[in-house]
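Observations on the three-dimensional arrangement
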Amino acid sequence: SLGGVVSQTTKRGTNEFQSGSSIYWTPGSLRAKTRNTVYSNPLEPSSLGTVRSVNAEEETGEWTANVWASGALMKDKLFAFALIGYSEHEEDRWGNVTQANNTNDETERPSWLVKLDWHINDANLFELTGFSDEEETTSKVYLNTLGAANRLGLIGTDVNSGMQRYSFGIPQ
């Protein structure tokens, strides 16, 4: 094992039931466009000002939705906090004029978190926290004409799934 650190901040349940939700949307159409990168090598005067990287066609958009609830399972003794969420992130990448392909990546992130706090007595507390931050990215690779920003056809798809991580702990 290579080890690792999980650092998280969560809410705690209380005797009062609470809940909430949130939705965040960042459409690619409302983001500023990046300018293309052009050649500027004075040793190659014929290439000055021609497009090197096709950045103006690139676009990134995302959205996230969350729902949470917390409260007492046993008044003054056992409390719970739970969160469920989902997000999607999409990117179009066009690369530079020396590449014969460009990509579209879509990442889906379903997530959940549950936190239980058991007040055994005034001096002892037991916490149990579990969460998942799994993700899956689907990359579509398209053929394009060298030196142009176009999509001629899909030449392949790759699906990459992430792993689930869990955390369980007792405070000191």
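Throughout this description, residue numbers start from 1 for each chain and increase along the sequence as written. Local features in this predicted model are restricted to residues of pLDDT 70 or higher, and side-chain atom pairs are both shown and tallied only at a pLDDT of 80 or more, whereas totals for entire chains, interfaces and linings draw on every residue. Processing note: side-chain calculations cover all non-hydrogen atoms of the structure and skip hydrogens and water entirely.

**Things to note about the overall build of the protein chain**
How we decide: Put simply, DSSP marks the helices as runs of H or I at least four residues long and the strands as runs of E at least two long, and each gets a number from the N terminus on. Relative accessibility decides the category of a residue: with a 1.4 Å probe and only protein chains considered, values under 20% of the type maximum give buried, values over 50% give exposed, and everything between is partly exposed. The contact criterion used throughout is that any non-hydrogen atoms of two residues lie within 4.5 Å. Only the protein chains shown count as cover for residues, and all accessible areas are computed by the Shrake-Rupley method using a 1.4 Å probe.
When helices and strands are tallied, the protein chain shows zero helices and nine strands. Seen in sequence order, the protein chain has helices and strands lined up from the N terminus as β-β-β-β-β-β-β-β-β. Taking all 172 residues of the protein chain together, the buried fraction comes to 23%. The long-range fraction of contacts in the protein chain, counting pairs at least 24 apart against all pairs at least 6 apart in sequence, stands at 61%. Surface summary for the protein chain: the accessible area is close to 11600 Å², and the carbon and sulfur share equals 54%.

**Regarding the side chain of Ser139**
In plain terms, the rule: Contacts described as polar in this section are N or O atom pairs within 3.5 Å, which, within protein, must combine one atom able to donate a hydrogen with one able to accept it, while residues neighboring in sequence count only if both atoms come from side chains.
Within the secondary structure layout, Ser139 lies in strand E8 (residues 136–143). Within polar-contact distance, the side chain of Ser139 engages the side chain of Asp105 at 2.7 Å. Leave out the neighbours within four places in its chain, and Ser139 touches Asn104, Asp105, Gly156, Thr157 and Asp158.

**Remarks on the confidence of the model for the protein chain**
Put simply, the rule is: Values of pLDDT, which run from 0 to 100, indicate the predictor's confidence residue by residue.
Looking at the protein chain, pLDDT values average 85 and 90% of them are 70 or higher. Predicted confidence in the protein chain is weakest over strand E3 (residues 51–53), with a mean pLDDT of 79, and strongest over strand E1 (residues 18–26), with 96.

**Details of the pairing of strand E6 (residues 101–121)**
Keep this limit in mind: A strand pair is defined by DSSP finding two or more bridges across the two strands.
Where strand E5 (residues 78–93) meets E6, 16 bridges bridge the pair, whose relative direction is antiparallel. Within the sheet, the bridge partner assigned to Asp92 lies in E6 and is Asn104. Pairing of E6 with E8, which is carried by eight bridges, proceeds in the antiparallel orientation. Its bridge partner lying in E8, Thr107 is registered against Thr137. In the sheet, E6 pairs with strand E7 (residues 124–132) via nine bridges, with the strands oriented antiparallel. If you follow Leu113 over to E7, its bridge partner there is Phe131. Between E6 and E7, which pair antiparallel in sequence order, lie two residues.

**Points about the environment of Gln18**
Examined against the element boundaries, Gln18 turns out to sit in strand E1. Judged by its relative accessible area of 33%, Gln18 is partly exposed. Along the sequence, Gln18 and Ala72 sit 54 residues apart, while their C-alpha atoms lie 9.9 Å from each other. The contact partners of Gln18, leaving out residues within four places of it in the chain, are Trp68, Ala69 and Ser70.

**A few points about the packing of aromatic side chains**
To be explicit about the condition: Any pair of Phe, Tyr and Trp rings, taking the six-membered ring for Trp, is counted once the centres come within 6.5 Å. Such a pair is stacked with planes under 30 degrees apart, edge-to-face with planes over 60 apart, and tilted for the rest.
Per the stated rule, a full pass over the model turns up two aromatic pairs. When the ring of Trp63 is compared with that of Tyr86, the centres are 5.5 Å apart and the planes differ by 50°; the resulting orientation is tilted. With a gap of 23 residues between them, Trp63 in strand E4 (residues 59–74) and Tyr86 in strand E5 connect regions that are remote in the sequence. Its relative accessible area of 33% is what places Trp63 among the partly exposed residues. Residue classification places Tyr86 among the partly exposed residues on the basis of a relative accessible area of 26%. A ring pair is formed by Trp68 and Phe81, whose centres lie 5.9 Å apart and whose planes are at 35°; its orientation type is tilted.

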